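What follows is the residue order along each chain.
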Amino acid sequence: MAAPHDGPWLDDAAGRLVRPYTVSNGRTRPTSQLNLLSQVMATGAAPLGYIGPEHTTALGLCEAPTSVAEIAAQLKLPAVVTKVILSDLIDCGALTTKAPDFYHNPTDRSLLEAVLDGLRRQL
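Residues numbered from 1 in each chain as written. Predicted model: local features only at pLDDT ≥ 70, side-chain atom pairs only at ≥ 80, totals over all residues. Heavy atoms only, no water.

Draft legend 1. The confidence of the model for the protein chain, seen in detail. Summing up the model confidence of the protein chain, the mean pLDDT is 78 and the portion of residues at 70 or higher is 72%. Low pLDDT, under 50, characterises residues 1–6; the stretch is placed with four contacts to residues that sit more than four places away or in other chains. (pLDDT = per-residue confidence, 0-100. Contact = heavy atoms within 4.5 Å.)

Draft legend 2. Layout of the nonpolar core. Within the largest apolar cluster, 16 residues are counted, with the highest numbers of intra-cluster contacts made by Val-40, Ala-58, Ile-71, Leu-86, Leu-89 and Leu-95. Broken down by secondary-structure element, the contributors of at least two residues to this core are α2 (53–60), α3 (68–75) and α4 (79–91). Element by element, the count of residues in this core is highest for α4, at five residues. Filtering out sequence-adjacent residues up to four positions away, Ile-71 remains in contact with Val-40, Ala-58, Leu-61, Cys-62, Thr-66, Thr-82 and Leu-86. (Core = buried A, V, L, I, M, F, W, Y, C linked by side-chain atoms within 4.5 Å. Buried < 20%, exposed > 50% of the residue type's maximum accessible area, 1.4 Å probe, protein only. Helix = DSSP H or I, 4+ residues; strand = E, 2+ residues; numbered from the N terminus.)

Draft legend 3. Representation of the pattern of salt bridges within the structure. Tallying each qualifying case throughout the model produces one salt bridge. Glu-113 is the salt-bridge partner of Arg-109, the closest N and O atoms lying 3.0 Å from each other. Within this pair, Arg-109 and its partner Glu-113 are both found in helix α5 (residues 109–122), separated by four residues, close to a single helical turn. For Arg-109, a relative accessible area of 63% translates into the label exposed. Of the residues examined, Glu-113 reaches a relative accessible area of 39% and is grouped as partly exposed. (Salt bridge = Lys/Arg side-chain N within 4 Å of Asp/Glu carboxyl O.)

Draft legend 4. Focus on α3. Listing the buried residues of α3 in full gives Val-68, Ile-71, Ala-72 and Leu-75. Projected down its long axis, α3 shows its buried positions confined to an angular sector of 100°, all on one face. Lys-76 sits one or two residues past α3 and shows a positive phi near 60°. (Arc of directions from axis to C-beta.)

Draft legend 5. Just unusual backbone geometry, in detail. Even without being a glycine, Lys-76 presents a positive backbone phi close to 60°. The exposure class of Lys-76 is exposed, given its relative accessible area of 70%.

Draft legend 6. Main features of the sheet that holds strand β4 (residues 66–67). The antiparallel open sheet is built from three strands, whose spatial order is β4-β3-β5. Both edges of this open sheet fall to β4 and β5 (95–98), since each of them pairs with a single strand only. Inspection of the sheet shows strand β3 (residues 39–42) paired to β5 by four bridges, in the antiparallel sense. Across the sheet, Gln-39 pairs through a bridge with Lys-98, a residue of β5. (Pairing = 2+ DSSP bridges.)

Draft legend 7. Region of the structure containing the packing of α2 against α4. For the pair α2 and α4, interaxial distance at closest approach is 10 Å and the crossing angle is 75°. Taken together, α2 and α4 sit at an angle that is classed as roughly perpendicular. Residues Glu-54, His-55, Ala-58 and Leu-59 of α2 form the contact with α4, whose own contacting residues are Ile-85, Leu-86, Asp-88 and Leu-89. A class-by-class count of the residues in the contact of α2 with α4 yields five nonpolar, one polar and two charged. (Axes fitted to C-alpha atoms, helices over the stretch in contact; angles between N-to-C directions. Parallel < 35°, antiparallel > 145°, perpendicular 65-115°, else oblique. Nonpolar A, V, L, I, M, F, W, Y, C, P; charged D, E, K, R; others polar.)

Structural data, given as structure tokens:
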């Protein structure tokens, strides 16, 4: 069996054994203004103090600019919990954030159809 610091505790039948709110120490509000399209990237600075396994995993996913939505999907955590984790990393200087560059209207029908087509090809 894996040690607790090796990653989230999982059970094949039950799924995640640690509830998402415990990952964020019960916090539900991030300290940084993040939305699902916000881009975060590692600064190269080492976080001060102890960070949890989800923090470490999230930091590893941010070597290149990555959206909050992508990180939440990779961590298999709700977006609000992911935002709290990322905010912790921003607060300690390990991550930087920027608003996404919009060349297209994010509600543009052709853009949404292209995303849907891409998702269908993945299934």
